[in-house]
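Remarks on the overall topology
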Amino acid sequence: MIAADITLETVASVTDIDAHDWDACATSLCAPGLQSANRNGGAEPALSAYNPFVSHAFFAALESSQSACRDTGWAPRHLIARQRGRVVGIVPCYLKSHSLGEYVFDRGWADAYHRAGGRYYPKLQVSVPFTPATGPRLLIRGDADGERVSQALAEGVIALCEGSRASSVHVTFARESEWRFLAQRGFLQRTDQQFHWHNAGYACFDDFLATLASRHRKAIRRERRDAVANGISIERLRGTAITEQAWDAFFAFYMETGSRKWGRPYLTREFYREIGRTMSDQVLLVMARRNGRYIAGAINFIGGDTLFGRHWGAIEHHPFLHFEVCYYQAIDFAIAERLTRVEAGAQGEHKIARGYLPQTTYSAHYITDPALRRAVAEYLKQERAYVAAAARELTEAGPFRKAAEEPT
């Protein structure tokens, strides 16, 4: 039951929330289930790391650029908790009319429910639109009572779902602590996997290569060499070095590749213009140039301890250029900047041979219809077992040297 001194409201735009209040909640240590650990000095180190995707600036760019808006099927319904008039918690919510741009796939659930005579849409999505990166979803100010506020937010999301006549709530790419917290409050648990690279304190790229089995080490060296064999040079751009010309070129790559992958790319040119204006210091553009023009590029966002790889695109295709621009340059940068890991986005078992190992991702789902809930719960039980088994097998098949193998 929501505490008497905590009030809840929803707003239809991130700009209706003061940026300072939003970021004070987004960067706090007060994650659900970890309040007592924080007080005892045992908080998870990752909780203090800056996550660019939950910043006010990132959401503002998504919404002001009309990338995430009612017309694209992402109607903002952000939930705010106030205590004595002060913002103490936020849940970024969107009322959705489809299941695109989420990277946690529930279209099979929607189709089955429709065939049974149910209405799956609208649904309530708690996420960062178009962004398959783990981060906090219950944003709670650091000096607030985290347990009470998180309880109020969880109850508020369910009430918002029912008040909106939505079929369900989907909290995607949540932190594991939130996933467990929400499970105790009636949400179904789902897992999936991505592939992340972890920095073991390497001083340079060759230090990383030395940890790999010989055949993988040789393959990566060959791929890096062949990627730039046709007169290609690689540039890493950040901050004021990212010119409008570079943004124009990258957007052309994004549109070309996104059109082939999704049919219609999600993000507008205005989104990148706004990111360039408000977040350029948190952006790393890796661009490939040949014959005086840019031909390919990848955008990364820089967190407190993580480099987040997002989109890649190209207008010329050269062997291994994708691997160099997206994966090897990201590792180089992370080592130089002493970041602890690189998250290379959704899917892609080909990343394993390049040193990116399986990492579990978490989502929580509240479904109002009891029959649909029972069917989904049974499916998720089997899916979790499959994900765990696949992660074990893929990790064992990773490129790293076994204890008996000597480096060459």
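What about the overall build of the protein chain?
Along the backbone of the protein chain there are 12 helices and 15 strands. Here the C-alpha atoms of the protein chain give a radius of gyration of 22 Å, agreeing with the 22 Å that 2.2 N^0.38 yields for 408 residues. In terms of overall dimensions, the protein chain has a C-alpha envelope of 65 × 50 × 50 Å along the principal axes. For the protein chain, the proportion of its 408 residues judged to be buried stands at 56%. Excluding contacts between residues fewer than 6 apart, the proportion of contacts in the protein chain whose partners are at least 24 apart in sequence is 77%. Accessible surface computed for the protein chain: about 17400 Å², of which carbon and sulfur atoms make up 50%. Averaging the positions of the 49 positive and the 45 negative side-chain charges in the protein chain gives two centres separated by 3 Å.

Considerations on helix 5 (residues 146-163)
Between its first and last C-alpha atoms helix 5 spans 25 Å; for 18 residues at 1.5 Å apiece the expected length is 26 Å, and the two agree. What helix 5 keeps buried is the set G146, V149, S150, A152, L153, A154, G156, V157, I158, L160 and C161. In the segment just after helix 5, R165 is the residue with positive phi, at about 60 degrees.

Things to note about the sheet that holds strand 1 (residues 6-11)
Read from one edge to the other, the open sheet built from 4 strands follows the order 1-3-4-7, with strand pairing classed as antiparallel. Of all the strands in the sheet, just strand 1 and strand 7 (139-140) have a single pairing partner and so form its edges. With 5 bridges connecting them, strand 3 (residues 78-83) and strand 4 (residues 86-91) associate as antiparallel partners. Its bridge partner being in strand 4, L79 is matched across the sheet by V91. Packed onto the sheet, helix 5 meets strand 1, strand 3, strand 4 and strand 7 and runs at close to 45 degrees relative to strand 1.

Quick look at the nonpolar core
Counting 48 residues, the largest nonpolar core has F58, Y272, I275 and L285 as its most contacted members. Among the elements of the structure, helix 1 (19-26), helix 3 (56-64), strand 4, helix 9 (244-262), helix 10 (269-278), strand 11 (283-290) and strand 12 (293-302) are those that each provide at least two residues to this core. Broken down by element, this core gets its largest block of residues, 7 residues, from helix 9. Other than its neighbours up to four places away in sequence, Y272 contacts W247, F250, F251, Y254, L267, I299 and H311.

Comments concerning the side chain of H216
As for its placement among the helices and strands, H216 is situated in helix 8 (residues 214-227). Only 3.5 Å separates the side chain of H216 from the side chain of R215, close enough to count as a polar contact. Sequence-distant contacts of H216, that is, excluding residues within four places in its chain, are made with A353 and P399.

Some remarks on the pattern of salt bridges
A complete count under the given rule lists 24 salt bridges for this structure. As a salt-bridge pair, E235 and R289 come within 2.9 Å of each other at their nearest N and O atoms. Here R289 lies in strand 11 and E235 lies in strand 10 (residues 233-238), a separation of 54 residues in the sequence. Residue E235 is classed as partly exposed on the basis of its relative accessible area of 22%. The exposure class assigned to R289 is partly exposed, which follows from its relative accessible area of 22%. Between R273 and E270 there is a salt bridge, and its shortest N-O distance comes to 2.9 Å. In this pair, R273 and E270 both sit in helix 10, 3 residues apart, roughly one turn of the helix. Residue R273 is classed as partly exposed on the basis of its relative accessible area of 34%. Residue class for E270 comes out partly exposed when judged on its relative accessible area of 33%.

So, the pairing of strand 12
Burial analysis of strand 12 places 9 of its 10 residues in the buried class, the great majority of the element. Taken together, the 8 bridges between strand 11 and strand 12 define a ladder with antiparallel strand orientation. Bridge pairing in strand 12 links L284 to N300. The antiparallel pairing of strand 11 with strand 12 creates a hairpin that spans 2 residues between the two strands, and N291 there sits at a positive phi of about 55 degrees. Here strand 12 pairs with strand 13 (residues 306-314) via 6 bridges, running antiparallel. When the sheet's bridge partners are listed, I302 is paired in strand 13 with L307.

Some points on the packing of aromatic side chains
By the definition in use, this model includes 27 aromatic pairs. Geometrically, the ring pair formed by F187 and Y366 is tilted, given 5.5 Å between the ring centres and 50 degrees between the ring planes. Placement of the pair is F187 in the loop between helix 6 (176-183) and strand 9 (188-198) and Y366 in strand 15 (residues 357-367), with a sequence separation of 179 residues. For F187, a relative accessible area of 4% gives the class buried. Ring geometry for F323 and Y327: centres 6.0 Å apart, planes at 20 degrees, overall stacked. Within this pair, F323 and its partner Y327 are both found in helix 11 (residues 321-337), separated by 4 residues, close to a single helical turn. Stacked on the ring of F205, the Lys or Arg R224 has its end atom at 4.4 Å from the ring centre. The cationic tip of R354 hangs over the ring face of F323; the distance from NZ or CZ to the ring centre is 3.8 Å.

Parameters at a glance
- Residues numbered from 1 in each chain as written.
- Predicted model: local features only at pLDDT ≥ 70, side-chain atom pairs only at ≥ 80, totals over all residues.
- Heavy atoms only, no water.
- Helix = DSSP H or I, 4+ residues; strand = E, 2+ residues; numbered from the N terminus.
- Rg over C-alpha atoms; globule rule 2.2 N^0.38 Å.
- Buried < 20%, exposed > 50% of the residue type's maximum accessible area, 1.4 Å probe, protein only.
- Contact = heavy atoms within 4.5 Å.
- Areas by Shrake-Rupley, 256 points an atom, 1.4 Å probe, with all protein chains shown as cover.
- Lys, Arg positive; Asp, Glu negative; His and termini not counted.
- Charge placed at Lys NZ, Arg CZ, Asp CG, Glu CD.
- Expected span 1.5 Å × (residues − 1).
- Pairing = 2+ DSSP bridges.
- Axes fitted to C-alpha atoms, helices over the stretch in contact; angles between N-to-C directions.
- Core = buried A, V, L, I, M, F, W, Y, C linked by side-chain atoms within 4.5 Å.
- Polar contact = N/O pair within 3.5 Å; in protein donor to acceptor, adjacent residues only side chain to side chain.
- Salt bridge = Lys/Arg side-chain N within 4 Å of Asp/Glu carboxyl O.
- Phe/Tyr/Trp six-rings, centres within 6.5 Å; stacked < 30°, edge-to-face > 60°.
- Lys NZ or Arg CZ within 6 Å of the ring centre and 35° of its normal.

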